[in-house]
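# Reading the structure
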Amino acid sequence: MATTDVSTLFFGMTINLSIMAVALPYFMGRVNLAARYAQAGIAMQTVGWILLLWSSTFERGAWVDHTLSAISMGCVSGGMVFNAMAFQLWYGRKAIAHVPVAIAVLMTVGYTIGFSSYSFRVGWSNGLLALQIAAIIFSLCRAPKVPVGRWRWLLIICLTVQMLVLACRAVLGAFYTAEFPNFFGPYMVNRVFALSSNSMMMMSVVAILLAHRDEAARELERLATLDGLTGALNRRAWLLKADIDLANSLRYQQPLGVLMLDLDYFKQINDTHGHAGGDSALQVFANCLRAVGRAGDQFCRYGGEEFCVLLNRADFASIMAYDERMRQWLAQHAMKELGFELSYSGGIAMRMHNSDTIEDMLQRADVALYQAKSAGRGRTHAVPDLVCASIQTSLA
């Protein structure tokens, strides 16, 4: 009866995995790469367990048992690789899992070669699966590059429990074979493994769903703050960040400047090259701002063909140097990437008084921008008295 109980537990776990493998893609709908990796990982582990249970119905040690068992080990360890890549992406890293991949290959090859020795294959497969999980836990314990929720610790707990049970099975199978002579036998380690695997896999799926939810929330936040065409901040997000930077500028008495930019003859670009050409021009201009910007600078698509840049800890001379870098970058790249030249007019406003607001600075920058356009475009202006005041401030 006890043997049947253990077999039933393993069978129930496989049924649960199968349901999850089918239900996750259905309920998650269209997902990104990380979620697809996680779904693939669960599907592969499901296939692995199905093949492992199927192999037990054939003569023990026969070639069918050997083949199905070896493929099942490859699927289980391969599923862990896909899960590891999903976790890396959810941590804001690249989907690289060299160590889990190497362990998966080594485990599958070794298991296939040494299948005839029960003690070897049990110790080898369980030990390397435990090592593979340990590598994933180590990766999860490293600091993520994006904010992550509590699913991280839930996942670490689940994986740690699975790792410890697998390690115990490896030791018993390799060195105390008499106490663990059958995978489906009525042994305490089998019961613990079956029960813990059932519960930990369910909790792991909960963690995966929470991780996917966190990423979806981050993506919604990103879409709410970025311009869809250029990837620059939108006006609302830029103004919020600008207010924070202005407060820091006042607190530490550091210079702060706003550069308002407008693409020259943008209507002609649309008329001549179509709206696709106009969109490309906006994208190239945003790339220019990224290429020449310094750490801490904030830029946005303010509206239409107009952009704004907030330059922290920058005096008037630094802003003019920034402007010159932009014009040089466009001279080198615009014709090559667009097939036509791209220029802009600019207006500069400095923080002049402690009572200045971002709106005050934008109004002054807009006046300077209008002057630059009136003077023939393709240049950057600042209101004359503000230029003098900013120069005096920098000299002081």
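Residues numbered from 1 in each chain as written. Predicted model: local features only at pLDDT ≥ 70, side-chain atom pairs only at ≥ 80, totals over all residues. Heavy atoms only, no water.

Looking at an unreviewed UniProt entry, one finds the protein chain named diguanylate cyclase and attributed to Duganella lactea.

This model, assessed by the stated rule, comprises 10 aromatic pairs. Summarising the aromatic geometry, the rings of Trp238 and Tyr302 are spaced 6.5 Å apart at their centres and angled 85° between planes, so their arrangement reads as edge-to-face. Of this pair, Trp238 sits in helix H8 (residues 235-252) while Tyr302 sits in strand S2 (residues 298-303), placing them 64 residues apart in sequence. Per residue, the accessibility class of Trp238 equals that of Tyr302, and both read buried. Of note, Arg121 hangs over the ring of Phe115, and the distance from its end group to the ring centre comes to 4.1 Å. (Phe/Tyr/Trp six-rings, centres within 6.5 Å; stacked < 30°, edge-to-face > 60°. Helix = DSSP H or I, 4+ residues; strand = E, 2+ residues; numbered from the N terminus. Buried < 20%, exposed > 50% of the residue type's maximum accessible area, 1.4 Å probe, protein only. Lys NZ or Arg CZ within 6 Å of the ring centre and 35° of its normal.)

This part takes up the state of the cysteines. In a disulfide, the sulfur atoms of two cysteines are covalently bonded to one another. Counting across every chain of the model gives 0 disulfides. Counting only cysteine sulfurs, Cys158 is the nearest neighbor of Cys168, a cysteine outside any disulfide, at a range of 17 Å. On the basis of relative accessibility, which here comes to 45%, the residue Cys168 falls in the partly exposed class. Considering cysteine sulfurs only, Cys308 is the nearest to Cys300, which forms no disulfide, with 5.0 Å between them. (Disulfide = S-S within 2.5 Å.)

Glancing now at the nonpolar core. Nonpolar side chains in soluble globular proteins tend to end up buried together. Among the nonpolar cores identified, the biggest contains 53 residues, and Trp49, Phe87, Trp90, Leu140 and Leu159 are the most heavily contacted of them. Sorting the residues of this core by element identifies helix H1 (2-28), helix H2 (33-55), helix H3 (63-90), helix H4 (98-113), helix H5 (118-141), helix H6 (151-175) and helix H7 (188-225) as the ones contributing at least two each. No other element matches the 10 residues that H3 contributes to this core. If sequence neighbours within four positions are ignored, Leu140 has contacts with Phe87, Tyr91, Arg152, Leu155, Ile156 and Leu159. Within the second largest apolar cluster, 34 residues are counted, among which are Phe299, Phe307, Ala314 and Ile348. (Core = buried A, V, L, I, M, F, W, Y, C linked by side-chain atoms within 4.5 Å. Contact = heavy atoms within 4.5 Å.)

The subject of this paragraph is the side chain of Arg152. With respect to the element layout, Arg152 can be found in helix H6. The residues contacting Arg152, other than those within four sequence positions of it, are Tyr91, Leu140, Cys141, Arg142, Ala143 and Pro144.

Before going further, it helps to spend a moment on the domain arrangement of the protein chain. As assigned here, the protein chain comprises domain 1 (6-223) and domain 2 (235-382). Here the C-alpha centroids of domain 1 and domain 2 sit 51 Å apart. (Domains from an automatic or database assignment.)

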